[in-house]
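So you can see what is in the structure, the chains are spelled out below.
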2 protein chains.
Amino acid sequence: MTKEHIAETFKGIQDYICRQLETADGKALFLEDLWTREEGGGGRSRIIKNGNAIEKGGVGFSAVHGQTPEKISQALQLPPADFFATGVSIVLHPHNPHVPIIHMNIRYFEMSNGTYWFGGGIDLTPHYIVKEDAQFFHKKLKAHCDHYHPEFYTTFKKWADDYFYIPHRNETRGIGGIFFDHLNDSTYGLSKEQLFDFVKATGMLFTELYVPLLKKNSAHSFSAEEKQWQKIRRGRYVEFNLVYDKGTKFGLDTNGRTESILMSMPPEASWEYDFQAKAGSQEQLTLTQLKKGLDWTNESI
Amino acid sequence: MTKEHIAETFKGIQDYICRQLETADGKALFLEDLWTREEGGGGRSRIIKNGNAIEKGGVGFSAVHGQTPEKISQALQLPPADFFATGVSIVLHPHNPHVPIIHMNIRYFEMSNGTYWFGGGIDLTPHYIVKEDAQFFHKKLKAHCDHYHPEFYTTFKKWADDYFYIPHRNETRGIGGIFFDHLNDSTYGLSKEQLFDFVKATGMLFTELYVPLLKKNSAHSFSAEEKQWQKIRRGRYVEFNLVYDKGTKFGLDTNGRTESILMSMPPEASWEYDFQAKAGSQEQLTLTQLKKGLDWTNESI
């Protein structure tokens, strides 16, 4: 399996997702922005805005290569070598605060010395946590993971809980999902082909997870107060992405393409000093559930 | 001069600035939020919102002490010791996009081994750069600095240019101002008293610099497009503060008080994918002037 094949497959996944999202939205179409990277490779950023359901979103594909940036070879304690990296990355911000924000990423990295790994994840950030939706999301993820390895869901769910966490708020970003990195044939005894199958299937699962949540919750009406709450939650999303997200940090540190890296930013975000949710409100209930270790696959949660 | 005296003086400066700003705004009053820090000390955050001119702002005072956080003693290559830190910190976000965002900070740090220093700065972030305003601002700063040391303005102006810079946007945050750190009696041959005088005067200069700009530019009408541009520029402000600002980073890393640290966040910010200012527009003109090394004290700039 060549790196070119992996990149082509990822492109296909990007195409598939964009078509599915356009159909689901029913109004806005993706605009494509092709870009090249001076040091090698490039990408195609697909942007959607002002749809029926999606306020702002991006589905990015990139395949870049060149000399490994010093920061990464140092971090990995590897000698200088050429690298190749390809991935699909998505963040969608819906209009309706009852529809969650979603993020998905799948990626492949290889070096000229033969080292390679896959990484990725899907996580959901509801402005309002809906128990059945959280259960639907995590059960689907678990069934998907279980198909490949009995330890995947437990391990990758915990990884997401730990990764999508905002220490200065003592909150998780949302209800988590799965996150994995540095998967290669030495990690779980799975072959490169099997891992690639898992990663592909993760990408293809995206719309199956998100479109039902988008459709169902877009039907809810919402108030100005709920919209304002959404903007405050988007502020937290910004805080996570700019302060903690390793992909964002790495991209900005290594002179990546800023507009593609910051495609994840919300259309509008808001900050209020020491905002307090009303006791007993839906907002407050959501805050109590933004924590690690909740088992949403458990019926009695 | 004791640390208690410095802290009391800083409190007085906070009081003075809040009164001046309330008078200038003419509508909103500051609300005070007192807080204590488990490990020692505390602060008084003063918050203003929905004024005539000021949309959201904060004037914070803090005086904290305790064991030096490991991160800072490591960074300074100092043995573990007790520290004391006090400061005043301000960020104001005006309603009117023709009024600039402003930031000011003065701070004093000392350790139980006798090490001490002062730091601080004032910098201006116009959404629309107005040449006369930029000249007024920098000339006032230069006259202020020149009163204390002939090298202060040149050195601290360059320091601000370098500090308030957003590498991934290749833009300065605004038109800069002055920035200084680690000033003690070994730096410029000035005594601790003289340095304290400079720092105090920097704090007292704040309203003299900002109130005229606030009053003059609040009178301008503005369009919805100009308001949207303001939100995009606020997005850049968020990017700077969350990705690069050392004070913010240090505060969040060392379990500081989140609401006080993030008092600098704007009320509303916006991100548009690959936003391009129209050729020949005021927005584009501003972008061309967001760069280092512009001498705003020069009449013929």
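Fair warning: this is a prediction, and the values are worked out from it, not measured in the lab. (Residues numbered from 1 in each chain as written. Chains lettered and ligands numbered in written order. Predicted model: local features only at pLDDT ≥ 70, side-chain atom pairs only at ≥ 80, totals over all residues.)

Draft legend 1. Region of interest: the interface of chain B and chain A. If you look at the interface, chain B gives 24 residues, while chain A gives 24 residues. The leading source of residues in the side of chain B that touches chain A is helix 6 (residues 224-244) of chain B, at 5 residues. Residue composition of the side of chain B that touches chain A, by class: 13 nonpolar, 5 polar and 6 charged. Relative to strand 10 (residues 268-270) of chain B, strand 10 (residues 268-270) of chain A runs antiparallel, the two being bridged by 3 bridges. Bridging from a neighbouring strand, Glu 268 of chain A pairs with Ser 270 of chain B of strand 10 of chain B. (Contact = placed C-beta atoms within 7 Å. Helix = DSSP H or I, 4+ residues; strand = E, 2+ residues; numbered from the N terminus. Nonpolar A, V, L, I, M, F, W, Y, C, P; charged D, E, K, R; others polar. Pairing = 2+ DSSP bridges.)

Draft legend 2. Examining the sheet that holds strand 4 (residues 82-94) of chain A more closely. All names here are of chain A. Pairing in this open sheet of 7 strands is antiparallel, and the strands run 1-2-3-4-5-6-9 from one edge to the other. The sheet is open, and its two edges are formed by strand 1 (31-36) and strand 9 (176-183), each paired on a single side. Across this sheet, the average inter-strand angle for adjacent strands is 5°, counted without regard to direction. As judged from the 10 bridges shared by strand 5 (residues 101-111) and strand 6 (residues 116-125), these two strands associate in the antiparallel manner. Residue Ile 101 lies in a different strand from strand 6, and its bridge partner there is Thr 125. Contacting strand 4, strand 5, strand 6 and strand 9, helix 5 (residues 192-218) runs over the sheet at an angle of about 15° to strand 6. (Axes fitted to C-alpha atoms, helices over the stretch in contact; angles between N-to-C directions.)

Draft legend 3. Looking closely at unusual backbone geometry. Residues and elements named next belong to chain B. For Asn 50, which is not glycine, the phi torsion reads 50° and is therefore positive. Of note, Asn 50 is situated in the loop between strand 2 (41-49) and strand 3 (54-67). For Asn 50, a count of 12 C-beta atoms within 10 Å translates into the label exposed. The backbone phi angle of Asn 255 is positive, close to 60°, even though this residue is not glycine. On the secondary structure map, Asn 255 appears in the loop between helix 7 (246-253) and helix 8 (258-261). (Buried ≥ 20, exposed ≤ 12 C-beta atoms within 10 Å, placed from the backbone.)

Draft legend 4. Structural detail: the relation of the copies chain B and chain A. For the match of chain B to chain A, the screw axis carries a shift of 0.0 Å, the RMSD comes to 0.0 Å, and the turn is 180°. Here the copies are linked by what is in effect a two-fold axis. (Least-squares fit on C-alpha atoms with pLDDT ≥ 70 in both.)

Draft legend 5. Structural detail: the packing of helix 6 (residues 224-244) of chain A against helix 6 of chain B. Taken N-terminus to C-terminus, the directions of helix 6 of chain A and helix 6 of chain B make an angle of 50°; their axes are 8 Å apart at the nearest point. One finds that helix 6 of chain A runs oblique with respect to helix 6 of chain B. Here the hand of the crossing between helix 6 of chain A and helix 6 of chain B comes out right-handed. For the pair formed by helix 6 of chain A and helix 6 of chain B, the contact residues are Val 238, Glu 239, Leu 242 and Val 243 of chain A on the first element and Val 238, Glu 239, Leu 242 and Val 243 of chain B on the second. (Parallel < 35°, antiparallel > 145°, perpendicular 65-115°, else oblique. Left-handed = near helix turned anticlockwise from the far one by under 90°.)

Draft legend 6. Layout of the pairing of strand 9 of chain A. Residue and element names in this part refer to chain A. The buried fraction of strand 9 amounts to 6 of the 8 residues, a majority that puts the element mostly inside the structure. Pairing analysis gives 6 bridges linking strand 6 to strand 9, with the strands arranged antiparallel. In the strand pairing of strand 9, Phe 118 is matched with Leu 183.

Draft legend 7. Looking closely at the environment of Lys 227 of chain A. All names here are of chain A. Looking at the secondary structure, you find Lys 227 in helix 6. Residue classification places Lys 227 among the partly exposed positions, given that 15 C-beta atoms sit within 10 Å. Each C-alpha atom of the pair Lys 227 and His 98 lies 9.2 Å from the other, and the pair is 129 residues apart in sequence. With residues near it in sequence (within four places) discarded, Lys 227 still touches Pro 97 and Phe 222.

Draft legend 8. Fine view of the packing of helix 3 (residues 131-146) of chain B against helix 4 (residues 152-163) of chain B. Residues and elements named next belong to chain B. Packing of helix 3 against helix 4 brings their axes to within 8 Å, and their N-to-C directions diverge by 130°. Our classification of the angle between helix 3 and helix 4 gives oblique. Within the contact between the two elements, helix 3 uses Leu 141, Lys 142, Cys 145 and Asp 146 and helix 4 uses Phe 152, Tyr 153 and Phe 156. Split by residue class, the contact of helix 3 with helix 4 holds 5 nonpolar, no polar and 2 charged.

Draft legend 9. Representation of helix 4 (residues 152-163) of chain A. All names here are of chain A. In a regular helix each residue adds 1.5 Å, so 12 residues correspond to 16 Å; helix 4 covers 16 Å between its end C-alpha atoms and thus fits that length. Looking at helix 4, one finds that the buried residues are Phe 152, Tyr 153, Phe 156, Lys 157, Ala 160, Asp 161 and Tyr 163. In this structure, the buried residues of helix 4 make contact with strand 6, helix 3 (131-146), strand 7 (165-166), strand 8 (171-172) and strand 9. (Expected span 1.5 Å × (residues − 1).)

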